[in-house]
Amino acid sequence: MFESLTERLSRTLKTLRGQGRLTEDNIKEALRDVRMALLEADVALPVVRDFIEHVRARAVGKDVLESLTPGQALIGVVRDELVALMGQANEDLQLNVTPPAVVLMAGLQGSGKTTTVAKLSRFLKERRKKTVLVASCDIYRPAAIDQLQTLAGEVGAVFFPSTPDQDPVAIALAAVESARKQFIDVVIIDTAGRLHVDTEMMAEIKRLHAALRPVETLFVVDGMTGQDAVNTAKAFSEALPLTGVVLTKADGDARGGAALSVRHVTGKPIKFLGMGEKTGALEPFHPDRLASRILGMGDVLSLVEEAERNLDRGKAEQLANKLKKGKSFDLQDFREQMQQMRQMGGLGALMDKLPGMSNVPDAVKQQVNDKEMLRMEAIIGSMTPLERRTPDLIKGSRKRRIAAGSGTQVQDVNRLLKQFDQMQRMMKKMSKGGLSKMLRGLGGRLPGRLPF
């Protein structure tokens, strides 16, 4: 989401990092570049203006100008101000009320509300150990109720049935009553998409809010809409007592301005980021971690949390014990490591969180992608168990058979075996830890050519 902003800021700040002395002139020049980078990322003009003024006021202060490493000190100031701009810390859902806690979702059509209801249900079920009931008050969009029912089944939430001929307020109140009888912790109410200028529809959601008195009223907004996302969030916050924002499609090609602007413009915190289409692709919004990612410093903490949630501890321990006993890392192990990598969101998500990625040439980044990883898995899948255990057996005729079986070329098989050899040598240096140890071994820097 922030690739271009990260690249531009990293280039600007890199020139400052190596300078032994900062002056008001070179600070002014650097902040001019920062201002352009933010504007190009679609950050709202008033937000950019305030941000630059805050950075300038601190940058020309004694702590920066007289620092032994003034360039580094200025980068620290920029990071601190980015964090302050987006909110100092993650603001969690306030669900510590007498059950059921009611969460009301609002937003425009097509912003991803129904999918977000499913993602939030899964998040609360898996990470907060809550029971969740979902209900749809969208009586206008064809198949909206059916869509929520399907998604609820996928994430293990209780679905409260409704029909298009019912009143939205009656549906919502009946859903809450049903949840109370079933001792369910959280009720999430999906509503119809509406424009803030549609007085009739806005009156409806105000009636819903008044009847439900929800503990959380979340505005779901499409991050791909840039400035419009901020303006719409502001309009809804004036009409409804919102408690937070969910920014969807944050993994897309958007320039990221909405994430930097919405807190400043609306005064409402971003609570979650939607990072993909899958129901597990919802991340709590941590301003400090996102600021580090924007400045190319990575987000190792989120990476570790992701690994703890998604990595198979049993398989990791099996691999660790295998390596401890002096047995070699084979192609079956290699495939399992790639599969676990995909469970963590794939290489794109992994690389986004690694420090120093902004300094890696685009040519190298393009070599490392999830399609290539799937191709490699297909090649290993067309090998016999014996070939996976003893790759040295794979010679000419075997390579041709494997290539034909996986729909690839012999050159692809050769490339896989070369990369596996590099990976095998890396794993020999590690006595335990599997993928988590490998990630730690990368030490926050990407080699010129990744071994996977």
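This is a predicted model, so every value here is computed, not measured.

### A few points about unusual backbone geometry
Following Pro99, the chain continues into Pro100 via a peptide bond in cis, with omega recorded as 0 degrees. Here Pro100 lies in the loop between helix H5 (70-86) and strand S1 (101-107). With a phi angle near 55 degrees, Lys129 is a residue other than glycine that sits in the positive phi range. Overall, Lys129 belongs to the exposed group, its relative accessible area being 66%. Backbone geometry places Phe183, a non-glycine residue, at a positive phi of 55 degrees. Relative to the elements of secondary structure, Phe183 occurs in the loop between helix H8 (168-181) and strand S4 (186-190).

### Overview of the pattern of salt bridges
Applying the stated criterion across every chain, the model contains 11 salt bridges. Close ionic contact of Asp92 with Arg128 constitutes a salt bridge, the shortest N to O distance being 3.1 Å. Here Arg128 lies in the loop between helix H6 (113-127) and strand S2 (132-136) and Asp92 lies in the loop between H5 and S1, a separation of 36 residues in the sequence. With its nearest N and O atoms 2.9 Å apart, the salt bridge here joins Glu177 to Arg180. Taken together, the residues Glu177 and Arg180, both in helix H8 and three residues apart, mark about one turn of the helix. A relative accessible area of 43% means that Arg180 is categorised as partly exposed. Each of Glu387, Arg398 and Arg401 takes part in one network of salt bridges that share partners.

### Quick notes on the packing of aromatic side chains
Under the criterion given, the structure shown has two aromatic pairs. Taken together, a centroid distance of 5.1 Å and an interplanar angle of 75 degrees make the contact between Phe123 and Phe272 edge-to-face. Taken together, the residues span a long stretch of sequence, with Phe123 in helix H6 and Phe272 in strand S7 (residues 270-274) at a distance of 149 residues. Each member of the pair, Phe123 together with Phe272, is buried. Between Phe219 and Phe236, the aromatic rings sit 4.6 Å apart at their centres with planes inclined by 35 degrees, giving tilted as the arrangement. Here Phe219 is found in strand S5 (residues 216-222), whereas its partner Phe236 is found in helix H10 (residues 227-239), with 17 residues between them in sequence. Each member of the pair Phe219 and Phe236 is classed as buried.

### Digging into the confidence of the model for the chain
Of the residues in the chain, 73% reach a pLDDT of 70 or more, and the chain-wide mean stands at 77. Considering only residues more than four positions removed or in separate chains, one finds that residues 441-452, a stretch of pLDDT under 50, has 21 contacts.

### Quick word on the pairing of S1
Within S1, seven of the seven residues are buried, which leaves it mostly tucked inside the rest of the structure. With burial as the criterion, each face of S1 is covered, one bearing Ala101, Val103, Met105 and Gly107 and the other bearing Val102, Leu104 and Ala106. With four bridges joining them, S1 and S4 adopt parallel strand pairing. Looking across to S4, one finds that Val103 is bridged to Ile188. Two strands pair when backbone bridges link them, and S1 and S5 are joined in this way by five bridges, in the parallel orientation. Bridged to Val103 within S5 is Glu216.

Here is what the cut-offs are and how they apply
Residues numbered from 1 in each chain as written. Predicted model: local features only at pLDDT ≥ 70, side-chain atom pairs only at ≥ 80, totals over all residues. Heavy atoms only, no water. Helix = DSSP H or I, 4+ residues; strand = E, 2+ residues; numbered from the N terminus. Buried < 20%, exposed > 50% of the residue type's maximum accessible area, 1.4 Å probe, protein only. Salt bridge = Lys/Arg side-chain N within 4 Å of Asp/Glu carboxyl O. Phe/Tyr/Trp six-rings, centres within 6.5 Å; stacked < 30°, edge-to-face > 60°. pLDDT = per-residue confidence, 0-100. Contact = heavy atoms within 4.5 Å. Pairing = 2+ DSSP bridges.

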